Amino acid sequence: MHVNRLSRARKRATLALAVSALLGGAVGVAAPASAAPQAPPAAPAAAADCSDAYKIEQTVDGGTTWRMCWHYNTLSGLILDKISYQPKGEPKPIPVLTSARLAQVHVPYDDGQAEYDDVTGTDFGQALQNLNPGECPGGTIKTVKVPHRGNVKGLCATTRARGHAYRLNDDQSTGGTGKVYTGQGKDLLVYTVNKASWYEYITEWRFSSDGTITSNVGATGSLSPYDYDGGDSRGWPIGKGDQAKAESHAHNVFWRLNFGLDGSPKAKVEQYDSKVTPPTGDGSPTTKTTRTKVTKELTGDRKDMRWWRVVSNTGKNKDGHPRSYEIVPGPSTKHAGREFTKHDVYFTQYKKCEQYASNNPGCPNGTPDSVDKWVNGQAMDHPVTWVHVGFHHIARDEDQQPMPVHWQGFSLAARDVTAMSPLTPQDLANQNGQPPLGR
């Protein structure tokens, strides 16, 4: 038996939109249905300029400092604003993102009897979970004011080790010093936990000393107790024998990223494709990489040796190269059931009301409500980036009880943001460009 929560969940989402509130900035949900799209926001400040209660600032290994503001809304939950990055040697913070948020968790079940939009179709934002100190080791749990709930100790900001940040054996046999240069990394970690029916979603953001930003969503909690009637082709037996088969389903997670590189929402998008040509005779294979400037809205599909970057229109590093961030999606399973789940990335021209990848509640009546329909060939000078990572969940005995976390996510890799690695040891600081030979 399925409990079809979709229709009544949409009613709850409408109420949530009406009462939505945020902390530490302007209203963070989409504009009301009667409102026309508004002009892009002003360029972000060089550093977070919110009040202390809504500011996060942390210095990690190598002297890198991350700064940002946060606010909360009753649909998508945590939203990070005015994210800036200041590695050692940079005289001021480098603005990276104007805002970053979860934009949907779309959950269709394999039998076609249930399909949920967990961010805009359930009480996702309202159901922020209280965190205990053991869940935020060495960090701070911030209090979030959730309408109709009151204060929730629901936002953790802490640091977490990530292992090796770099390692170099400067071998004497090649003219080096014989030293081993190595360093361990530590990330700033910001996360919340939101409940959507039986699932609990951990939404985490990691900020690394080399400029990398990583976001992951971890699904945990419980399998739905109403969905143990899956057949052999769409379920998996859980428990004794072969009677109760947990229904298989997908988790299609979307993020919305509004870049503000170097303090400007204006940016360029580029796609890179590399083609390998097999060798002829006794030769070796060759590879050619081509760049395509993305000037109009785009639906992007991952292929081997394909990637995208968002490029600053205004800022360059000390080598004179434009700053940019490369989009690095994690492992993904694309779901072909809906048009908006068939692609891996989308680039759209900024419109304030376009906030959620599906079941978007905020645009004027008659406006398409999913990201695939917003890509219509419009020229882009203020691109918004949408990242989609899918997971097909075929349950297993180990999913009880509670369910171990399964993660899906992506990274933003700094590309030419600084002239050298911000973690370069002082002994090697003069090796910018081709390293000296036989040194």
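Residues numbered from 1 in each chain as written. Predicted model: local features only at pLDDT ≥ 70, side-chain atom pairs only at ≥ 80, totals over all residues. Heavy atoms only, no water.

## Structural notes on the environment of T120
Alright, step 1. Structurally, T120 can be placed in the loop between β5 (115-117) and β6 (140-146).
Alright, step 2. Polar contacts involving the side chain of T120 include one to the main-chain carbonyl oxygen of N359, which spans 3.2 Å. (Helix = DSSP H or I, 4+ residues; strand = E, 2+ residues; numbered from the N terminus. Polar contact = N/O pair within 3.5 Å; in protein donor to acceptor, adjacent residues only side chain to side chain.)

## Some thoughts on the sheet that holds strand β15 (residues 286-294)
Alright, step 1. Strand order in the open sheet made by the 10 strands is β6-β7-β8-β9-β10-β21-β18-β17-β14-β15, with antiparallel pairing throughout. Strand pairing shows two members of the sheet lacking a second neighbour, β6 and β15, which therefore form its edges. Between one strand axis and the next, the sheet turns by 25 degrees as a mean value, whatever way the strands run.
Alright, step 2. Looking at chain direction, strand β8 (residues 180-196) and strand β9 (residues 199-207) are connected through 9 bridges and run antiparallel. Of the residues in β9, the one forming a bridge with V190 is W205. (Pairing = 2+ DSSP bridges. Axes fitted to C-alpha atoms, helices over the stretch in contact; angles between N-to-C directions.)

## Concerning the environment of R206
Alright, step 1. Tracing the chain through its elements places R206 in strand β9.
Alright, step 2. Sequence separation between R206 and R160 is 46 residues; the distance between their C-alpha atoms is 8.9 Å.
Alright, step 3. Those residues in contact with R206, other than ones at most four positions away along the chain, are R160, D187, L188, L189, T212, I213 and T214.
Alright, step 4. Among the polar contacts made by the side chain of R206, one reaches the side chain of E204 at a distance of 3.0 Å. (Contact = heavy atoms within 4.5 Å.)

## Topic: the environment of H335
Alright, step 1. For H335, the position within the fold is in the loop between β18 (322-329) and β19 (345-349).
Alright, step 2. Each C-alpha atom, one on H335 and one on N252, is 7.5 Å from the other, the two residues being 83 residues apart in sequence.
Alright, step 3. Excluding residues that lie within four positions of it along the chain, H335 makes contacts with P108, A250, N252, T341 and K342.
Alright, step 4. A polar contact of 3.1 Å, which involves the side chain of H335, links it to the backbone nitrogen of G337.

## So, the confidence of the model for the chain
Alright, step 1. The share of residues in the chain with pLDDT of 70 or more is 88%, and the mean pLDDT across the chain is 89.
Alright, step 2. Note on residues 1-46: pLDDT under 50 across the span, and 101 contacts to partners over four residues away in sequence or across chains. (pLDDT = per-residue confidence, 0-100.)

## Considerations on the pattern of salt bridges
Alright, step 1. Counted under the stated rule, the structure contains 25 salt bridges.
Alright, step 2. Between K195 and E200 there is a salt bridge, with its nearest N and O atoms 3.1 Å apart.
Alright, step 3. The class of K195 is partly exposed, set by a relative accessible area of 31%.
Alright, step 4. For R306, the salt bridge identified is with D273, shortest N-O distance 2.6 Å. Of this pair, R306 sits in strand β17 (residues 306-316) while D273 sits in strand β14 (residues 267-277), and the two are 33 residues apart along the sequence.
Alright, step 5. What you see here is one network of salt bridges that share partners, running through D61, R162, D187, E204 and R206. (Salt bridge = Lys/Arg side-chain N within 4 Å of Asp/Glu carboxyl O. Buried < 20%, exposed > 50% of the residue type's maximum accessible area, 1.4 Å probe, protein only.)

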